[in-house]
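The residues making up each chain are set out below.
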Amino acid sequence: MGMKLGLGLYRHMLKPEYYKFARQCGCTHLIIHLATYYDSDERVVTATDAKTNYGVSYANDPVWQLENLLKLKQEAASYGLEIYGIENFSPADWYDVLLDGPKRAEQMENLKCIIRNVGKAGIKAFGYNFSLAGVWGHQKKYAARGGAVSTCFDASLLDLNAPIPCGQVWNMTYAPSNGEFMAPVSSVELWDRLKRFLEEMLPVAEEAGVELALHPDDPPMPELRGTPRLVYRPELYQKLIDLVPSKANKLELCLGSLQEMQSDKPVYEYLEQYLTQGKISYVHFRNVRGKIPCYDEVFVDEGDIDMFRVLKQLKKNDFDGVLIPDHTPLITCNAPWHAGMAFALGYMRAAFQMIEKGLL
Ligand SMILES: [Mn+2]
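Note on numbering: residues in each chain are counted from 1, in written sequence order. Reporting of local features is limited, given that this is a predicted model, to residues whose pLDDT is at least 70; pairs of side-chain atoms are given and counted only at 80 or more, and all residues count toward the totals for whole chains, interfaces and linings. Hydrogens and water are ignored here; the side-chain numbers use all heavy atoms of the structure.

Here we look at the coordination of the manganese ion
Stage number 1. Any N, O or S atom lying within 2.8 Å of the metal counts as a donor, and for Na, K and Ca the limit rises to 3.2 Å; water is left out, so some sites can look incomplete. For the manganese ion, the protein coordination sphere consists of His215 (NE2), Cys254 (SG), His284 (ND1) and Asp326 (OD), at 2.2 to 2.5 Å.
Stage number 2. Sequence spacing among the residues donating to the manganese ion works out to H-x38-C-x29-H-x41-D. Residue His215 is found in the loop between strand S9 (211-214) and strand S10 (223-224), and its partner His284 is found in strand S13 (residues 280-284); the two are separated by 69 residues along the sequence. The helix and strand labels rest on DSSP assignments: H or I over at least four residues marks a helix, E over at least two residues marks a strand, and numbering proceeds from the N terminus.

A look at the nonpolar core
Stage number 1. Core analysis: the biggest nonpolar cluster contains 109 residues, and Tyr128, Phe130, Leu194, Phe197 and Phe285 have the highest contact counts within it.
Stage number 2. No other element matches helix H6 (residues 187-208), which puts ten residues into this core.
Stage number 3. Only heavy atoms matter for contacts: two residues are in contact if any of them lie within 4.5 Å across the pair. Once residues within four sequence positions are removed from consideration, Tyr128 is found in contact with Asn88, Phe89, Trp94, Leu194, Phe197, Leu198, Leu212, Ala213, Leu214, His215, Leu240 and Glu252.
Stage number 4. Among buried residues, the Ala, Val, Leu, Ile, Met, Phe, Trp, Tyr and Cys ones that are joined through side-chain atoms within 4.5 Å form a nonpolar core. Exposure categories follow from relative accessible area, calculated using a 1.4 Å probe and restricted to protein chains: below 20% of the type maximum is buried, above 50% is exposed, and the middle band is partly exposed. Grouped together as the second largest cluster of nonpolar side chains are seven residues, Ile31, Tyr84, Ala125 and Ala213 included.

Description of helix H4 (residues 91-99)
Stage number 1. In terms of burial, H4 is a largely internal element, eight of the nine residues being buried.
Stage number 2. Contact partners of the buried residues in H4: helix H5 (104-120), strand S4 (125-128), strand S7 (168-169), strand S8 (172-173) and H6.

Some thoughts on the environment of Leu311
Stage number 1. Note that Leu311 resides in helix H10 (residues 307-316).
Stage number 2. Residues Leu311 and Val210 lie 101 residues apart in sequence; the distance between their C-alpha atoms is 25 Å.
Stage number 3. Apart from the residues within four sequence positions on either side, Leu311 is in contact with Met3, Phe285, Leu323, Ala351, Phe352, Ile355 and Leu360.

Description of the pattern of salt bridges
Stage number 1. Salt bridges are defined by distance alone: a side-chain nitrogen of Lys or Arg within 4 Å of a carboxyl oxygen of Asp or Glu. For the coordinates displayed, the defined rule picks out 19 salt bridges.
Stage number 2. With a shortest N-O distance of 2.9 Å, Glu200 and Arg104 are connected by a salt bridge. Placement of Glu200 in helix H6 and of Arg104 in helix H5 is noted, with a sequence separation of 96 residues between them.
Stage number 3. Glu200 gets classed as partly exposed once you look at its relative accessible area, which sits at 30%.
Stage number 4. Judged by its relative accessible area of 9%, Arg104 falls in the buried class.
Stage number 5. Between Arg286 and Glu297 there is a salt bridge whose closest N-O contact spans 3.4 Å. Highlighted residues: Arg286 in the loop between S13 and strand S14 (287-291) and Glu297 in strand S15 (residues 294-298), separated in sequence by eleven residues.

What to know about the packing of H4 against H6
Stage number 1. Angles run from 0 to 180 degrees between N-to-C directions of axes, and those axes are lines fitted to C-alpha atoms, restricted for helices to the stretch in contact. Two elements in contact, H4 and H6, have axes whose closest approach is 8 Å; the angle formed by their N-to-C orientations is 125°. Classed by the angle they form, the pair H4 and H6 counts as oblique. From H4, Trp94, Val97, Leu98 and Leu99 reach across to H6, where they touch Leu190, Arg193 and Phe197.
Stage number 2. Side-chain classes are defined by residue name, with Ala, Val, Leu, Ile, Met, Phe, Trp, Tyr, Cys and Pro counting as nonpolar, Asp, Glu, Lys and Arg as charged, and the others, Gly among them, as polar. Taken together, the residues that form the contact of H4 with H6 break down as six nonpolar, no polar and one charged. Should an angle fall under 35 degrees it is taken as roughly parallel, and over 145 as roughly antiparallel, whereas 65 to 115 is taken as roughly perpendicular and any remaining angle as oblique.

Dropping the structure here:
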């Protein structure tokens, strides 16, 4: 038992060289991301704007079939790694759940199949981000220590109302544009869509033995591109917890996003609140400097969060889920993504050992 060290791997990384990298850095667990297929590590970290998004999303991808999930699980296991969770539905599989469109019922049935398959494959967590605008508006700057390239957000540089074209959701394309834009929706209506999703999905997840873990809004702006956001303040995470009570209703706790939020109390108090309720499925362990409307993602040891204090809290509350680095600044070398991740994992591994030895 105890906390587990993991790495998040995108779909193009699900192969031996990345499994070896994760294991060699001390990881025992993986969170995998199947919803998008990037062609390189660079694509994963490239900033987006209103003109370029994260690419095309295809419906009914065979990647979600049970045989494939079992195969991935087995492959990772052969390198000493357990797949703990999968992150994100494909936009093409659930756009009408987000938009309350005509295909909603059909798409819900497919999502239930996916969750049942995830459970049958012995994968414990399923992360999701119930968001229309998704991850959008970031810039790349030399903002981390030593001029390392990192992901930054500055609302003053953006057209915050840039409308979302029809055929796009979560900053991905699921259908060709017809020249029109996403219909306006109120915050109350979007919360209601989330509630209906959870009311239908949580019983299925409970039966399948899967935790549904919600990632908060990134960036945590109250509104973005003319759409409301759901969890953009820490107390809204509690609203999610209370929205549909279930042991499968959990948080994909992104420390970075939480710290970026405007809030009344420091991040540690909210963390304690979620931990004492046993509501954290797994943790995105990253650091940041500044808050909405302007912040820079930075190295794990140089941001506004006292990461050791967070680890002590997790330990005190007997948290036994997985921690993954999330995005990190890129280290200037021939393998910027690998170096950034190895740095974060080394820091986390050292902290874990200090905890084991009673030094933290
Ligand atoms: Mn995150």
